[in-house]
Amino acid sequence: MLSAKIGIFGEFTSNNQGDRLIGQGMECLFSEQGYTITLLPLGKISEQQNNSPNEKTVNLFRRCHRNFFQAYKTYRHAIELILFMRNKKRQQQDLLKTLSNIDYVVIGGGQLLGDNSLRMILKIDLLIDEAEKRGQQIALFAVGIDNPGTLISRFFLKRIFKRLQPDHIYVRDKTSRAVYMKLRKKKSDNAQLIPDAAFYAYETCSFAKTDDVIIGLAPQSYRTLSNKIKRKHLYNNQWWCEVAKELHLQGARPVFFSSGVQSDHDRAEDICNSLKQEGLDIRLLERPVTTEQLREQLVSMSSILAQRLHISIAYYALGGIPASLGWHSKVEDFYLFMGLGERFFGEKAEETERVVQLLCKEAAGSSEQTAELQRNLRSAAEKLTESFSRSVMG
């Protein structure tokens, strides 16, 4: 007898290895339940969308458009909605072909219901539409949800939640659950809180023992940081330079790295170039193009300071204790949930000496806690697939 097929929709083809770790974790989780798994990138839906105006548009209009698109979320969401609706018919045809090859739909994980761009929310809304027409069971699993910043995103998020069974909604942090509860306004419809699926991608291991104290530094591209942080110049390139110099003075060996995002790697390269001009040659690790390459880099480090959430998750899952900087509530939620509040530096200018002192302090991860998080994920996957099975029997 052939096993039922689950299509897992997410962001699995980006050059951010954190997104690929989520895919690996999701695939392992649900294949263990006896299902045939297909990872289906949401990014493949409507690839022809473009945020830029038509090339024939005059330069002045194009500049105005770009400025408004970046500065005003309502304008950005309106443009994204118009572009999406223009291509909707072709997207529906693509989805019909995809959905005909699977039995169940699981959407997750990661910050798929983020509010900075409306595109992913629109794709998920359309996916639910088409799956509903086919009578397929649908679930959100280990997703993050942003508080909607426009009436447009609020409308579509409420529409998504309204059409899903409450017991088919699993979120990965308290902020996401609070947003869901606020939009649903039903205490009985409490979303279930589970760990991030990336915890299931790596096994805890022993870190390489060397005489060098290698500290990994992973800044994030300015493009994805909040306007609040940009305005305050928090954790700018000079700040990272000061951290690297202080680590060097303390006898540690700082190295810069990234999760694979090209713009993050480029920023790290700019910082390394600035340090070189000051006479300090700090190594920049190769941009990882696979999750295994990222793993090899992480296990060589005694400690890390990283802005991307999934670098922290990956490092913790491997057995290390990470540190991070404030830029999004999901990062703070993770550190507080893991009991690592002292290793999270919020949206204020931190003294580099304090950060360096913490990074040089020996800290060991908890394999027991990682195992517990993985058990929680397994339990949630079992519960969801049992619900899928009951729906067929019913």
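Residues numbered from 1 in each chain as written. Predicted model: local features only at pLDDT ≥ 70, side-chain atom pairs only at ≥ 80, totals over all residues. Heavy atoms only, no water.

Chemist: For the environment of I107, give the residues involved together with the corresponding values.
Modeler: In this fold, I107 is placed in strand β3 (residues 104-107). Along the chain, I107 and E11 lie 96 residues apart, while their C-alpha atoms are 9.8 Å from each other. Residues within four places of I107 in sequence aside, it is in contact with F9, L112, I124, L127, I128, I138, A139, L140, F141 and V143. (Helix = DSSP H or I, 4+ residues; strand = E, 2+ residues; numbered from the N terminus. Contact = heavy atoms within 4.5 Å.)

Chemist: Residues and numbers for the pairing of strand β4 (residues 110-113), please.
Modeler: The side chains of a regular strand alternate between both faces of the sheet. As judged from the two bridges shared by β4 and strand β5 (residues 137-145), these two strands associate in the parallel manner. Within the sheet, the bridge partner assigned to L113 lies in β5 and is I145. (Pairing = 2+ DSSP bridges.)

Chemist: Give a detailed account of helix α13 (residues 329-337), specifying residues and quantitative values.
Modeler: K330, V331, D333, F334 and Y335 are the residues of α13 that are buried. Each element contacted by the buried residues of α13 is listed here: β4, α7 (174-184), α12 (309-318), β12 (322-325) and β13 (344-345). G339 lies just past α13 and shows a positive phi near 75 degrees. (Buried < 20%, exposed > 50% of the residue type's maximum accessible area, 1.4 Å probe, protein only.)

Chemist: Report on a positive patch on the surface, specifying residues and quantitative values.
Modeler: Together, K158, K162, K185 and K186 make up a region of like positive charge exposed at the surface. Along the chain, the position of K186 falls in the loop between α7 and β7 (192-193). What makes K186 partly exposed here is its relative accessible area of 45%. (Patch = residues over 30% accessible without salt bridge, like charges linked within 9 Å, V, L, I, M, F, W, Y side chains within 5 Å. Areas by Shrake-Rupley, 256 points an atom, 1.4 Å probe, with all protein chains shown as cover. Salt bridge = Lys/Arg side-chain N within 4 Å of Asp/Glu carboxyl O. Lys, Arg positive; Asp, Glu negative; His and termini not counted. Charge placed at Lys NZ, Arg CZ, Asp CG, Glu CD.)

Chemist: How would you sum up the nonpolar core? Please name residues and give values.
Modeler: Counting residues in hydrophobic clusters, the biggest one holds 57 residues, and the most contacted among them are I6, F30, V106, F141, F199, L298 and M301. Not counting residues up to four positions away in its chain, the partners in contact with V106 are I6, G7, I8, F9, M26, F30, A139, F141, L384 and F388. Among the nonpolar cores identified, the runner-up in size contains 36 residues, and V105, L127, V143 and I145 belong to it. (Core = buried A, V, L, I, M, F, W, Y, C linked by side-chain atoms within 4.5 Å.)

Chemist: If you had to explain the pattern of salt bridges to someone new, which residues and values would you point to?
Modeler: If you walk through the whole model with that rule in mind, you get 16 salt bridges. In this structure, D125 engages R163 in a salt bridge whose closest nitrogen and oxygen atoms are separated by 2.3 Å. Here D125, found in helix α5 (residues 119-133), pairs with R163, found in the loop between α6 (151-162) and β6 (169-171); they are 38 residues apart in sequence, far enough to count as distant. Given a relative accessible area of 6%, D125 falls into the buried group. The exposure class of R163 is buried, given its relative accessible area of 19%. Among the charged side chains, a salt-bridge network with shared partners connects D125, D129, E132, R159 and R163.

Chemist: Give a description of the packing of aromatic side chains that names residues and reports values.
Modeler: Remark: the centre distance and the inter-plane angle together describe each pair of aromatic rings, the angle taken between the planes. Per the stated rule, a full pass over the model turns up 14 aromatic pairs. Here the aromatic rings of F68 and Y72 are separated by 5.2 Å at their centres, their planes lie at 40 degrees, and the arrangement is tilted. Exposure remark for Y72: the relative accessible area of 48% places this residue in the partly exposed category. Measuring from ring centre to ring centre gives 4.6 Å for Y104 and F388, while their planes differ by 0 degrees; the resulting arrangement is stacked. Within this pair, whereas Y104 is found in strand β3, its partner F388 is found in helix α15 (residues 367-393), the two being separated by 284 residues in sequence. (Phe/Tyr/Trp six-rings, centres within 6.5 Å; stacked < 30°, edge-to-face > 60°.)

Taken by themselves, the reported measurements are silent on function.
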